[in-house]
Amino acid sequence: MTDADLLRSLGIDPTKLDPAPPWSPRAGTERLDGRHPCACCGQPARVTGAVDAPGHGRRWLDR
């Protein structure tokens, strides 16, 4: 499954996701500070990762 397939299957609009920086080993950990909601349910995210959204570049997928 590609990142585009994942976003489509979850019904997530990539324009609603924050831009993600190029790969950084601590960027995801630093992002999990309780201020970013899950892209699906709106609760504080416990997991995050960057996805490549075609036409939109790298985006954070907070879950």
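Up top is the structure these notes are about.
The shown structure was predicted, so the numbers you read here are calculated from the model rather than taken from an experiment.

Locating Arg59 in the fold gives a position in strand β2 (residues 57-62). It turns out Arg59 is buried and unbridged, and the closest side chain with the opposite charge, Asp18, is 6.5 Å from it. Within the structure, Arg59 has its side chain in polar contact with the backbone oxygen of Leu17 (distance 2.7 Å). Discounting residues that sit within four places of it in the chain, Arg59 has contacts with Pro14, Thr15, Leu17, Asp18, Pro19, Ala20, Gly49, Ala50, Val51 and Ala53.

What follows is about the pattern of salt bridges. All told, the structure shown has four salt bridges when counted by the stated rule. Measuring nitrogen to oxygen at the nearest pair gives 2.7 Å for the salt bridge that ties Asp18 to Arg31. One end of the pair, Asp18, is in the loop between α1 (3-10) and α2 (27-31); the other, Arg31, is in helix α2, with 13 residues separating them in the sequence. Since its relative accessible area comes to 36%, Asp18 is described here as partly exposed. In this structure, the salt-bridge partner of Arg35 is Asp33, at a minimum N-O distance of 2.7 Å. Each of Asp18, Arg31 and Asp62 takes part in one network of salt bridges that share partners.

Turning our eyes to something else, we now look at the environment of Glu30. In this fold, Glu30 is placed in helix α2. Residue Glu30 is classed as exposed on the basis of its relative accessible area, which comes to 58%. Distance in space between the C-alpha atoms of Glu30 and Ser9 is 27 Å, their sequence separation being 21 residues.

Attention now moves to the pairing of strand β1 (residues 48-53). Across six bridges, β1 lies against β2 in antiparallel orientation. Residue Thr48 lies in a different strand from β2, and its bridge partner there is Asp62. Where β1 folds back on β2, the antiparallel hairpin that results is connected by three residues, among which Gly55 adopts a positive phi of roughly 85°.

Conventions used here
Residues numbered from 1 in each chain as written. Predicted model: local features only at pLDDT ≥ 70, side-chain atom pairs only at ≥ 80, totals over all residues. Heavy atoms only, no water. Helix = DSSP H or I, 4+ residues; strand = E, 2+ residues; numbered from the N terminus. Buried < 20%, exposed > 50% of the residue type's maximum accessible area, 1.4 Å probe, protein only. Lys, Arg positive; Asp, Glu negative; His and termini not counted. Salt bridge = Lys/Arg side-chain N within 4 Å of Asp/Glu carboxyl O. Polar contact = N/O pair within 3.5 Å; in protein donor to acceptor, adjacent residues only side chain to side chain. Contact = heavy atoms within 4.5 Å. Pairing = 2+ DSSP bridges.

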